[in-house]
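So the chains spell out like this:
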Amino acid sequence: MNLVDRVKNILLQPKAEWAVIEPEKTDPKTLYTTYICILALIPAVASFIGTAFIVSFFAGRIGLGLVLVAAITQYVLGLVMVFVVAFIADVLAASFDGQKNLNQALKLTAYAMTAAWVAGIFVIVPILGWLLSLLGSLYSLYLFYLGAPVLMKVPEPKTVGYTVVVVLVAIVIGAVIGMVNAGILGMGAVGM
């Protein structure tokens, strides 16, 4: 399936699309190169444009090098986070009577993230963008919830608990990644 169709289907008809995704034999390399790496660029590029041009226009000049480093760091750490969350989803599946399968967990995490990545385009407009990006992230949580029973075989009654635990762990991971990014940028600001 091509990228545009997959994005459209997972966003507009997720229940049907999870059933299509489940039997697909997509290896991690292919999933990263044909889907994750492409869609994860959306919020990183939008953040770069929004910060470099719009924020700079209103708040004064911000070093373009620092903004570029921030965007690249956000992108790379985002790619890492997808795998880490998938790993955690895989490890936790058995605790919720689901099946461990790292490839399925990576597909679940990657395709569930679609809404957040697509909504990341709105970060170009910094204040309004973060709100719309948050709404995209919430829809991604819903996509994860819908996909967990299909891909990880978590029983329906345990899907909410599984989703909540994976999300809480993802929030902690996101906070750590945010601190790493802030640390890198803080050090970069001194040198730029």
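Just so it is clear, the structure is predicted and the values come from calculations on it, not from any experiment.

Take the overall build of the protein next. Scanning the protein from terminus to terminus reveals nine helices and zero strands. The order of α-helices and β-strands along the protein, N terminus first, is α-α-α-α-α-α-α-α-α. Relative to its full complement of 192 residues, the protein shows a buried share of 42%. With the model as given, the accessible surface of the protein reaches about 9900 Å², and the carbon-plus-sulfur share is 75%.

Phi at Asp-97 takes a positive value of approximately 60°, unusual for a residue other than glycine. Here Asp-97 is to be found in the loop between helix H5 (64-93) and helix H6 (102-112). With a phi angle near 60°, Lys-153 is a residue other than glycine that sits in the positive phi range. Summarising the element assignment, Lys-153 is placed in the loop between helix H8 (126-151) and helix H9 (156-191). Judged by its relative accessible area of 33%, Lys-153 is partly exposed.

To continue, consider the nonpolar core. By size, the foremost hydrophobic cluster in this structure holds 42 residues, and its most contacted members are Trp-18, Tyr-35, Ile-36, Leu-108 and Tyr-162. Elements with a minimum of two residues in this core: helix H1 (3-12), helix H2 (14-21), helix H3 (28-39), H5, H6, helix H7 (114-119), H8 and H9. For this core, the element with the most residues is H5, which contributes 10 residues. Not counting the four nearest positions on each side in its chain, Tyr-162 is found in contact with Ala-89, Asp-90, Leu-92, Ala-93, Phe-96, Leu-108, Phe-144, Ala-148, Met-152 and Val-154.

Turning our attention to the pattern of salt bridges. Considering all chains together, one arrives at five salt bridges under this definition. Lys-100 serves as the salt-bridge partner of Asp-90, at 3.2 Å between the closest nitrogen and oxygen. Of this pair, Asp-90 sits in helix H5 while Lys-100 sits in the loop between H5 and H6, and the two are 10 residues apart along the sequence. By sharing partners, the salt bridges in this structure join Arg-6, Glu-17 and Glu-24 into a single network.

Right, let's talk about H1 for a bit. Listing the buried residues of H1 in full gives Arg-6, Val-7, Asn-9 and Ile-10. Between the side-chain oxygen at the start of H1 and the backbone nitrogen of Val-4 there is a gap of 3.1 Å, and the oxygen is on Asn-2.

Residues shown with low pLDDT carry predicted positions that ought not to be read at fine detail. Taken as a whole, the protein shows an average pLDDT of 87; of its residues, 89% reach a score of 70 or greater. Across the protein, the element-wise mean pLDDT spans from 75 in helix H4 (residues 41-59) up to 98 in H6. Low pLDDT, under 50, characterises residues 187-192; the stretch is placed with five contacts to residues that sit more than four places away or in other chains.

The next thing to look at is the packing of H1 against H2. Running from amino to carboxyl end, H1 crosses H2 at an angle of 130°, the nearest separation of the two axes being 6 Å. Between H1 and H2, the crossing angle belongs to the class labelled oblique. Between H1 and H2, the contacting residues are Arg-6, Asn-9, Ile-10, Leu-11 and Leu-12 on the first element and Pro-14, Glu-17, Trp-18, Val-20 and Ile-21 on the second. Among the residues making up the contact of H1 with H2, the classes are represented as seven nonpolar, one polar and two charged.

Here H3 crosses H5 at 120°, and the two axes come no closer than 11 Å. When the interaxial angle is binned, H3 and H5 end up oblique. Like other packed secondary-structure pairs, H3 and H5 cross with a definite hand, here right-handed. Contact residues: H3 offers Tyr-32, Ile-36 and Cys-37, while H5 offers Tyr-75, Leu-79, Val-82 and Phe-83.

Rules and cut-offs
Residues numbered from 1 in each chain as written. Predicted model: local features only at pLDDT ≥ 70, side-chain atom pairs only at ≥ 80, totals over all residues. Heavy atoms only, no water. Helix = DSSP H or I, 4+ residues; strand = E, 2+ residues; numbered from the N terminus. Buried < 20%, exposed > 50% of the residue type's maximum accessible area, 1.4 Å probe, protein only. Areas by Shrake-Rupley, 256 points an atom, 1.4 Å probe, with all protein chains shown as cover. Core = buried A, V, L, I, M, F, W, Y, C linked by side-chain atoms within 4.5 Å. Contact = heavy atoms within 4.5 Å. Salt bridge = Lys/Arg side-chain N within 4 Å of Asp/Glu carboxyl O. Polar contact = N/O pair within 3.5 Å; in protein donor to acceptor, adjacent residues only side chain to side chain. pLDDT = per-residue confidence, 0-100. Axes fitted to C-alpha atoms, helices over the stretch in contact; angles between N-to-C directions. Parallel < 35°, antiparallel > 145°, perpendicular 65-115°, else oblique. Nonpolar A, V, L, I, M, F, W, Y, C, P; charged D, E, K, R; others polar. Left-handed = near helix turned anticlockwise from the far one by under 90°.

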